[in-house]
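Tertiary structure, described
Listed here are the chains, written in short residue letters.
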Amino acid sequence: MERVDFLVVGAGIAGASAAYELAAQGRVLVLERESQPGYHSTGRSAALYTQTYGPAPIRALTVASWNFYTNPPGGFADHDLLTPRGVLIVGRDDEVDRLDAEYEQGRRLTPSVERYDRDQVLARAPFLRPDYVAGGVWEPDARDIDVHALHHGFLRGLKARGGRVVTDAEVRALARRDGLWVAETSAGSFAAPVVVNAAGAWADELAKLAGVAAVGLVPKRRTAITFDPVFEDPADKAGLDGWPMVSDVAETFYVKPDAGRLLASPADQTPVEPCDVQPEDIDVAVTVDRLEQASRFSVRRLAHRWAGLRSFVADKVPVVGFAPDAEGFFWLAGQGGYGIQTAPAMGRVAAGLATGRGLPSDVRALGVTESDLSPARPR
């Protein structure tokens, strides 16, 4: 049986970033049930860095990730992790109050956020119908994330620090013995005094396997499609790659350029059992309908369709910290749709709490507390 200082279960973005930071403090081994890391959620992300999305702790963790994204450690990636995009949140005439609230909330941590009128919205996103939008909120510093480079940078950095990832290693039993968590897996037996539960949609299942109280995690399906938009005048497609990501303020759809096409989603959040989730025809149809109501293009043929899992607890804030009912069992779960954009700061947060050093000072200065993330908090 191999013994290390930290066992991390799950090699998605949460587990990879935490393992990378923990490897600077001790010996780390990551157990991944699939044959490749990031198969279920990390590899199916819309891949956007936006400081105005999510609950207050998420926005703070996203802001705290900026320095890493824009100045990663030497050798972490071969090119920039972020590229310019911008996010435009739009609303109809009956949603002006919601746009005002979104603007006020967004500029608390991100002063560059701007409130737009209809003409400004259409100048940024000319594919929208003029009669659909009354105004918008513009976040100029939102960026596309190279998720592959980020994820593999963490995994490569983990290995450089002496850590290891074992794939095809589904945990079949997990128990505390003589001060160690012992994981029996399809790839062998492993032990450590601390086990980090970064199992994504399966995090509650792993806790139950270990005899630890679940936190009420709910996996939710998110559907996405890619397509070539069809305009009455083909010239209207000019400049597509430079369009911003557009989301409606009610979160019923979003659309953004993606490798010469458009990527879109109905922003669905359908509760499902943890699984290799697949898109449903009705959700794809809803996506197309909402897009065609809001835009001047039509969707005639899909290039690709897929679905991913986003796992939340009730308050939509991640659960990070030691379980109150099990020594050495560390929760790192419930990242929802925010796991990629917060990964650099979240990795540091997890490592700080798991080693007893506490929250990083820059994260604390942004208003995040340990109780905000605690598994014992009321939700």
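How each quantity is defined
Residues numbered from 1 in each chain as written. Predicted model: local features only at pLDDT ≥ 70, side-chain atom pairs only at ≥ 80, totals over all residues. Heavy atoms only, no water. Helix = DSSP H or I, 4+ residues; strand = E, 2+ residues; numbered from the N terminus. Rg over C-alpha atoms; globule rule 2.2 N^0.38 Å. Buried < 20%, exposed > 50% of the residue type's maximum accessible area, 1.4 Å probe, protein only. Contact = heavy atoms within 4.5 Å. Domains from an automatic or database assignment. Buried area = accessible area lost by both parts, 1.4 Å probe. Salt bridge = Lys/Arg side-chain N within 4 Å of Asp/Glu carboxyl O. Polar contact = N/O pair within 3.5 Å; in protein donor to acceptor, adjacent residues only side chain to side chain. Nonpolar A, V, L, I, M, F, W, Y, C, P; charged D, E, K, R; others polar. Pairing = 2+ DSSP bridges. Right-handed = clockwise from strand over helix to strand, strands pointing away.

Next up on the list: the overall build of the protein chain. Helix and strand counts for the protein chain stand at 11 helices and 22 strands. A compact globule built from 379 residues should have a C-alpha radius of gyration of about 21 Å, and the protein chain, at 21 Å, falls within 12% of that. Seen through its C-alpha atoms, the protein chain measures out along the principal axes to roughly 70 × 40 × 40 Å. Residue burial in the protein chain is summarised as follows: out of 379 residues, 57% are buried. For the protein chain, the proportion of contacts with a sequence separation of at least 24, taken over those separated by at least 6, is 71%.

It is common to give the size of an interface as the accessible area that goes away when the parts come together. Under the domain assignment, the protein chain is made up of domain 1 (2-68 + 146-216 + 315-372) and domain 2 (87-140 + 218-312). Summarising the inter-unit geometry, the C-alpha centres of domain 1 and domain 2 are found 29 Å apart. Taken together, both faces of the contact between domain 1 and domain 2 bury some 2200 Å²; the carbon and sulfur share is 52%. At the boundary of domain 1 and domain 2, one finds one salt bridge. Ionic pairing is found between R59 and E102, a salt bridge with its closest N-O pair at 3.7 Å. At the surface where domain 1 touches domain 2, the tally comes to eight residue pairs in polar contact (both at pLDDT 80 or more). The element best represented in the side of domain 1 that touches domain 2 is helix 2 (residues 56-64), accounting for three residues. Of the residues assigned to the side of domain 1 that touches domain 2, the class counts are 11 nonpolar, 11 polar and four charged.

We now examine the pairing of strand 2 (residues 6-9). Covered by surrounding structure in strand 2 are F6 and V8 together with L7 and V9, the residues of both alternating faces. Bridging between strand 2 and strand 3 (residues 28-31) involves four bridges; their strand directions are parallel. Directly across from F6, in strand 3, lies its bridge partner V28. For the handedness criterion, the β-α-β arrangement of strand 2, helix 1 (residues 13-22) and strand 3 is classed as right-handed. Alignment of strand 2 against strand 14 (residues 194-197), held across four bridges, turns out to be parallel. Of the residues in strand 14, the one forming a bridge with L7 is V195.

Let us look at the pairing of strand 6 (residues 87-91). Burial runs high along strand 6: five of the five residues are buried. Burial of the side chains of strand 6 extends over both faces: V87, I89 and G91 are buried on one face and L88 and V90 on the other. The pairing of strand 6 with strand 8 (residues 135-139) spans five bridges and is antiparallel. For V90, the partnering residue across the bridge sits in strand 8 and is G136. As defined by bridge partners, strand 6 adjoins strand 16 (residues 245-248) across four bridges and the pair is classed as parallel. Along strand 16, the bridge assignment pairs I89 with S247.

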